[in-house]
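# Coordinates in review
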Amino acid sequence: MHDIARTQPYTQVMDALMAIHIKHEKCWAKTTPNGHPGISIEQHCRTAGIVAGLLASQAPCWVKDTLNVHIGIILAALHDVGKVSPGFQKKCSVWLKRFGLTAAEFAGTEEDHAKVSQKTAQDFLTEDNWRFWAAIVGAHHGKLKGDRLSSLCDGGEAWAAERRRLVETLVREFGPLPDQPPPNFNCGALWFNAGLIAVADWLASDENTFPPSKELDATTIRERAERQLARIGFQPISCPAGKTFADLFPSTPTPYPLQTLMAQAVRHPGVYVVEAAMGCGKTEAALIAAYNLLASGQATGIYFALPTQVTSNRIHKRVAAFIEQLAPGAGTRLIHGNSWLVESAQPLTDSRNGDTTKVRTGRDWFASPRRALLAPFGVGTVDQALLGVVAVKHFFVRQFGLAGKVVILDEVHSYDLYTGTLLDQLVTRLRELGATVIILSATLTAARRRKLLGQTGADTNALDSAYPLISASVISKPLPVTPDPPKTIQIRFKTAAKLIDAALESAQRGQCVLWIRNTVNDAQETYRQLCGQNRVGGPEIALLHARFPQFRREQLENDWLERLGKDQTKRPTNGCVLVSTQIAEQSVDIDADLLITDLSPTDMLLQRLGRLWRHPRPRPVGCNTPKTWIASPALDACGLRTATAAEIKAAFGKSAKVYAPYVLLRTFDLWRERTTLTLPADIRPILEATYTEPPEDEPSAWRDLRKELETRKEKLRHAAIANSNPWQVALDDEEGVQTRWNSLPTASVLLMRKVFAWDKRTGARMELLHGEHCNLSGGVFDHAAAQAIHRNLVKVPRWCVMRHIDSTPAWLREYDRGGILACKLCDEKLVLLPDGAESGLTYRNDLGVVIPPWQAGTADLRRHAKEDDDESYD
């Protein structure tokens, strides 16, 4: 009791017991496994400061110089000074008992120690704009508390004096507090240091390295921290110089012209835009450029970002082989929302006292991509990088992880409304963070390129119209690239009624046909029609889209991407028709003899053409030239200019809900009279013509659709800007949800074959669709069970199951935040558990989950679907 000082209240309002304070050396920061007070706050703060210093010392000089990393070190040391407060100390009953106190004596005190830490730092940083530094101290658990805090019930002057004394101790050890504000309230320097603080806290809280029961001196802490960083891979990458193209890509005998020019051009950090046709080696060109920067010490790692999880999985293997040539044993992380499904390691959790929040937090951190971006080398979705500029929890950790790296953004297009605005912000932020950005695209307009490069003014350089082209923020003139030999493609518009017979006839002649539909429902219907008209022993018919469970989708992708890939011996001998959605549109190595496609914006059509005659090979008899058939909307040349806006939308059907009707209209007008398209020569002209300013004699209905598009673009631009302001919003950290605009919320359906036991409160035993048995118990998160569940989930529009989604038991909702519905397969029907009522959905192994037309039109459900009645992607 002698450590406690009791003073009389200095106002009548303040409770006398609020004056109770204890020296900060006697305050605990961590509890031991048996719930006793552990190490002191001073030790934990010192540990975080030492770890932050070691992390900062590994940053390259250009990062240190521009991002004020010395500020992050002292602020990391201060991150938990707020634990010197009655609201936090009362959380340990053993500690209270030790000092003869009760939790009731501290009733009403602030329990969020991060707020108290921020307020303490804010009181030291008295200049107005300096408060943003204090705010990142308070954000070390992932979310901002605001840019300033008013008075808190933090124990009164006596406790505040102890916090000040601790701050003064840490300042003597780790250096002075900031003496200048950050450049602005949303800048790379601010968020890099916020990420440094959070990562230092995570590492300092590793109980295997820093046991909560063991007091350590500064020398021992540093030694342990150095071993910890080495063990988990926080070390500078040593990349040998002088490697040739053949060394880096042993399976590729000779570089393409694009690859040679990129190797020569990329010598300094900056923003580079590579515009070249599909299949001309852009991936290797970007990687050899990254090698130049790594070998010269101008980059700290690589993140290769792709548009989808499918493409990430495919490119991961190629990039991992490349990284192995550079840094043997370094490893390349696969980073996207479902990468954890292939991880075998059990995620660390803390479920003491049955705290399922801690269980969920452990799962989300160790089994999610949030930590993975800190690895030196990674391949994943562009969404993971974009989550660094969207106001989600720990967005700044992603920025910290990308700082100084080469970030390769693949398949960037001109038709991109919401995500395009976020991408512009990402490129700007990456440059602030000392990163190099390499943007790969086959389909950019000059205006879009200038925007990405941060250029303003008119496009006056004659070289800008060249194609292929390398442009950069650090070179004075764009560099034209010697184009590949031309490929001329025949273009034909055909009515939907004729396409089924024509596709089967082509496949029966031995051709491999790829048919891309814009929606899942349309793809399923096309597949049914093809199967219904196919003869016995005829060509193979297959279907690929996003409404298969994960395990089945992987089977189909692996099978068909291999059979339609480069190896001639794997190709179907009797012809085939693969019906797909946008899954097969880009960044997949599919080589079709014939392409059939729905109408889509010009840049998407060009991407789809990249799947046609991709590799040199013998073609079936009668397949003498690459051909593309485009499904023709019900508009002739006359109707195109006289139809109303409503009639035009109706003619485009569901495609008008996936893509802007005005862009479809401009695309159709440009493509409908073409008989051929020559790649790469025609890429630039037809792209520019699609997105250029309209003619003065544009029909009134077209103007109406253009105005509608401009209104929507402005809405999405404002939404993207608002969602990337962390001072105003706080969003859920979900890939594809915050980084893609989708007005159609989804839910998950869990598919199973048998149910052996089911209790709404305690759990269940079941056999999932792919045959694996799974045991679930309430309050216990099982990583292996989670992997099995997610392999058997299907995303569907939420409106079609919303009548039933609330019946999901709590122990199952734990495995999917967006809502999950348990269904058992009975014949082809999916029946609800536990009562066996029909869900209205059906499933077949070849079709996936089907939403019957009668349900899609049901009035009480349709009002929840707004204007959409199908997925718009995948």
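Counting starts from 1 at the beginning of each chain's written sequence and moves along it residue by residue. The predicted nature of this model means local features are confined to residues of pLDDT at least 70 and side-chain atom pairs, given and counted, to a pLDDT of 80 or more, with totals for whole chains, interfaces and linings taken over all residues. Hydrogens and water molecules were not included; the side-chain quantities draw on all heavy atoms of the structure.

What follows is about unusual backbone geometry. A negative phi angle is the norm for most residues apart from glycine, just as the trans form is the norm for most peptide bonds. Looking along the chain, the bond that leaves Leu 679 and enters Pro 680 is cis, with omega of 5°. Tracing the sequence through the fold places Pro 680 in the loop between strand S17 (676-679) and helix H29 (683-691). Residue Pro 834 follows Leu 833 across a cis peptide bond; omega there is 10°. Non-glycine residue His 394 carries a positive phi angle of around 60°. Strands are runs of DSSP state E lasting at least two residues, helices are runs of H or I lasting at least four, and both sets are numbered from the N terminus onward. Following the sequence through the fold, His 394 ends up in the loop between helix H17 (382-386) and helix H18 (395-402). Phi is positive for Trp 613, close to 50°, though the residue is something other than glycine. Looking at where Trp 613 falls in the secondary structure, it is placed in the loop between helix H24 (602-609) and strand S16 (627-631).

Inspection of the secondary structure puts Ala 837 in the loop between strand S23 (829-832) and strand S24 (838-844). For Ala 837, a relative accessible area of 31% translates into the label partly exposed. For the pair formed by Ala 837 and His 804, sequence separation is 33 residues and the distance between their alpha carbons is 9.9 Å. Setting aside anything within four residues of it in sequence, one finds Ala 837 in contact with Leu 830, Val 831 and Leu 832. Residue burial is assigned from relative accessible area. The probe radius is 1.4 Å, only protein chains are included, and a residue is buried under 20% of its type maximum, exposed over 50%, and partly exposed in between. In what follows, residue pairs with any heavy atoms lying within 4.5 Å of each other are defined as contacts.

Residue-level pLDDT values for the protein average 87, and 90% of them are 70 or greater. Along the chain, pLDDT gives the predictor's confidence residue by residue, from 0 to 100. Contacts for the low-pLDDT stretch residues 1-14, under 50 throughout, to residues beyond four places or in other chains number 24 contacts. Counting interchain partners and residues more than four positions distant, the pLDDT-below-50 stretch residues 344-367 has 39 contacts.

Pairing is mixed across the open sheet formed by seven strands, whose spatial order is S13-S14-S12-S15-S16-S11-S17. Where the open sheet ends on each side, the last strands, each with one partner, are strand S13 (540-544) and S17. Strand-to-strand twist across the sheet, computed as the mean angle between neighbouring axes with direction ignored, equals 20°. Two strands form a pair only when DSSP identifies at least two bridges running between them. With four bridges connecting them, strand S12 (residues 512-516) and strand S15 (residues 594-597) associate as parallel partners. Opposite Leu 514, over in S15, you have Leu 595 as the bridge partner. Fitted lines through C-alpha atoms serve as axes, helices being fitted only where they are in contact, and the angles separating the N-to-C directions of these axes extend from 0 to 180 degrees.

Within the secondary structure layout, Gln 511 lies in the loop between helix H21 (496-508) and S12. Ignoring any residue separated from it by four or fewer positions in sequence, one finds Gln 511 in contact with Ser 506, Gly 575, Cys 576, Asp 593, Leu 594, Pro 620 and Cys 623.

Quick look at the packing of aromatic side chains now. For this analysis, a ring pair means two rings from Phe, Tyr or Trp (six-membered ring only for Trp) whose centres lie within 6.5 Å, classed as stacked if their planes differ by under 30 degrees, edge-to-face if by over 60, and tilted for the remaining angles. According to the stated counting rule, one finds 14 aromatic pairs in the structure shown. Seen from their ring centres, Phe 395 and Phe 396 are 5.1 Å apart, and the 65° between their planes marks the pair as edge-to-face. Phe 396 matches Phe 395 in its accessibility class, with the two residues each being buried. Following the ring pairs from residue to residue traces out a cluster consisting of Phe 132, Phe 185, Trp 191, Phe 395, Phe 396 and Trp 727. Each ring is checked for a lysine NZ or an arginine CZ that lies within 6 Å of its centre and within 35 degrees of its normal; such an atom marks a charge sitting over the ring. The ring of Trp 629 has Lys 494 sitting right over it, with the charged end atom 4.9 Å from the ring centre. In this structure, Arg 563 packs its charged tip against the face of Trp 560, placed 4.6 Å from the ring centre.

The next thing to look at is the nonpolar core. Side-chain atoms within 4.5 Å link the members of a nonpolar core, which is a set of buried Ala, Val, Leu, Ile, Met, Phe, Trp, Tyr and Cys residues. Counting residues in hydrophobic clusters, the biggest one holds 109 residues, and the most contacted among them are Leu 75, Trp 95, Leu 409 and Ile 439. Per-element tally for this core: the top contributor is helix H9 (residues 188-204), with 11 residues. Residues contacting Trp 95, with those up to four places away along its chain left out, are Ile 22, Lys 26, Cys 27, Trp 28, Pro 37, Gln 89, Leu 101, Phe 106 and Trp 159. Residues Phe 548, Phe 551, Leu 640 and Val 663 belong to the second largest nonpolar core, which totals 100 residues.

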